[in-house]
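Descriptive analysis of the structure
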Amino acid sequence: MNSITKRWIRGSLLIIIALLVIAESILVISLKNSYHLAVENALINRLNTINATLRASGKMISSEKERLLFNITSEFGEKDKFELMLIDGSGLVVATSSGFRPSDNQHTEDFNLAINSNEEFHTQTYSSKIREKIMSVTYLLNEPTEDIYAVRIITSLTRVEEEINIIMGFSLLAVAAVIAFSMISGYFFVRSIVSPIHLIKETAYKISKGEFDARIPNNKKYDQEIGELCSTINNMAQELGRSDELKNEFISSVSHELRTPLTAIKGWAETMNTTDNVQTLQKGTQIILGETDRLSAMVENLLDFSRLQNATLSLTKEKLDLVAEVYEAVIMYAPQAEKKNVKINFEEPDIFIPVLADKGRIKQVMINLLDNALKYSYPNSDIDINIFNNRQNGTVTVEVKDYGKGIHPEDIEKVKQKFYKGKGAKQGSGIGLALVNEIIKQHGGSFNVESEYTKYTKMSFTLKVVRTMKGK
């Protein structure tokens, strides 16, 4: 038995059963008290009728009252329901409406209790020798006669008990029906939770073992909360699988990126080792230095990526002129753009635009954006760089736009993800734009990508502007 079922039994079913038992007990007690009280009132009413008759007799002498009581008893009209008895001062029955006189010592206890009681009518319930439940009410005469001291009326409670038992039987059937309904409905309810939880547990175990293609089947048939949980786990498995694929692609891509410069370095080193040609040595030296710089930049990106993964990418912020930082990046990339016959268009604003930022990280952002734009630009095309100073919002936006092949629509929202490389992507680690996005986010800004496939790609980042350059 699973814990949820145990909790349901302890927390719901047992409480329902306890409440029903309490309700049934209250019903039984109330029912018995109600029926017995009705019978008691009926007996008292008969005695009150006899008492009223005695009072209406006027100033009869004791013997006449005694004769009247004997006549009332012998002519009692409800002999089929009640039995009327006349009792002497010793508590013995001297006459009954049925004509049957019980033994001298039968049921004198209620007479003695009535004498010692302050109540006008004394009621008692007891069982006869044949185990028949009987109720009696004893009334002490205000003016006893010579032989009659009290009047007692009794009736059998057999029919009353039968009616009570019938009602109790129906109520017990109702209680049983409620408990059965609660158990059946509770079973299906618990099952509707436990069954998908077992599936979720099994699927989660498979996912933990690296089976990212595992899915929870038929999750739409479950209730909203369970269904949403199943969908979330399925989506998680899908994203984990995609992350695993991206990681493998990243490892493969980085391995290729590392192998290419290492192969070039090794090849030219071997060539330089076997030649004395000055031109060959100079060319080899330039290639080795260039490939070394390429490796150094790649390793730096990987280190930054590692810090990003471990949330240790720190910033040293200071007030700086964003225009100057953008201009420096443009000057740095001008030779590479010229070599590819790509023109970088940048009109430097005449004003300072101060921002609170990490100088090295902003430079890294610009280098990544320019490198990406140059990589995908066609020969003899342009790269437009613009700076928009929005004074109303107190922000500044730097925009880098190339007119190359563009990005597929389905890839635009994913290019900022780690490891992601869209359709037609060129060689690279796939973490450049992810680093840009993370750096800008840590500066409290936003990074956006806009593209129309085969026409252009526009990447921009927005930062807050500080009021003054004082204290730089």
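Everything below is about the structure printed above this text.
A brief look at the structure comes next. (Residues numbered from 1 in each chain as written. Predicted model: local features only at pLDDT ≥ 70, side-chain atom pairs only at ≥ 80, totals over all residues. Heavy atoms only, no water.)

1. Notes on the pairing of strand β2 (residues 93-96)
For strand β1 (residues 82-87) and β2, the ladder comprises three bridges, and the chain directions are antiparallel. In the strand pairing of β2, Met 85 is matched with Thr 96. (Pairing = 2+ DSSP bridges. Helix = DSSP H or I, 4+ residues; strand = E, 2+ residues; numbered from the N terminus.)

2. Remarks on the sheet that holds strand β4 (residues 133-140)
With antiparallel pairing, the five strands of this open sheet are ordered in space as β2-β1-β5-β4-β3. Whereas interior strands pair on both sides, the edge strands pair on one side only; in this sheet they are β2 and β3 (121-127). Sheet twist, expressed as the average angle between the axes of neighbouring strands with direction ignored, equals 25 degrees. Where helix α2 (residues 62-74) meets the sheet, it contacts β1, β2 and β5 (150-156), and its direction lies at approximately 160 degrees from that of β1. Where helix α3 (residues 109-116) meets the sheet, it contacts β1, β3, β4 and β5, and its direction lies at approximately 40 degrees from that of β4. (Axes fitted to C-alpha atoms, helices over the stretch in contact; angles between N-to-C directions. Contact = heavy atoms within 4.5 Å.)

3. Observations concerning unusual backbone geometry
For Asn 341, which is not glycine, the phi torsion reads 60 degrees and is therefore positive. Here Asn 341 is to be found in the loop between α7 (322-339) and β7 (343-346). Judged by its relative accessible area of 49%, Asn 341 is partly exposed. Not every positive phi belongs to a glycine, and Thr 454 is a case in point at roughly 70 degrees. Structurally, Thr 454 is set in the loop between β11 (446-452) and β12 (456-464). (Buried < 20%, exposed > 50% of the residue type's maximum accessible area, 1.4 Å probe, protein only.)

4. Considering helix α4 (residues 158-208)
The end-to-end C-alpha distance of α4 is 72 Å, a good match for the 75 Å that 51 residues give at a rise of 1.5 Å each. Just beyond α4, the residue with positive phi is Gly 210, at close to 95 degrees. (Expected span 1.5 Å × (residues − 1).)

5. Digging into a nonpolar patch on the surface
Together, Ile 15, Leu 19, Ile 22 and Ile 26 make up a nonpolar patch on the protein surface, roughly 390 Å² of accessible area in all. Note on placement: Ile 22 falls in helix α1 (residues 3-56). (Patch = residues over 30% accessible without salt bridge, like charges linked within 9 Å, V, L, I, M, F, W, Y side chains within 5 Å. Areas by Shrake-Rupley, 256 points an atom, 1.4 Å probe, with all protein chains shown as cover. Salt bridge = Lys/Arg side-chain N within 4 Å of Asp/Glu carboxyl O.)

6. With respect to the packing of helix α8 (residues 359-376) against helix α9 (residues 432-442)
Interhelical geometry of α8 versus α9 gives an angle of 145 degrees and a closest axis separation of 10 Å. Crossing handedness for the pair α8 and α9: left-handed. Across from Arg 361, Gln 364, Val 365, Asn 368 and Leu 369 in α8, the residues of α9 making contact are Gly 432, Leu 433, Leu 435, Val 436, Ile 439 and Ile 440. Of the residues in the contact of α8 with α9, the class split is seven nonpolar, three polar and one charged. (Left-handed = near helix turned anticlockwise from the far one by under 90°. Nonpolar A, V, L, I, M, F, W, Y, C, P; charged D, E, K, R; others polar.)

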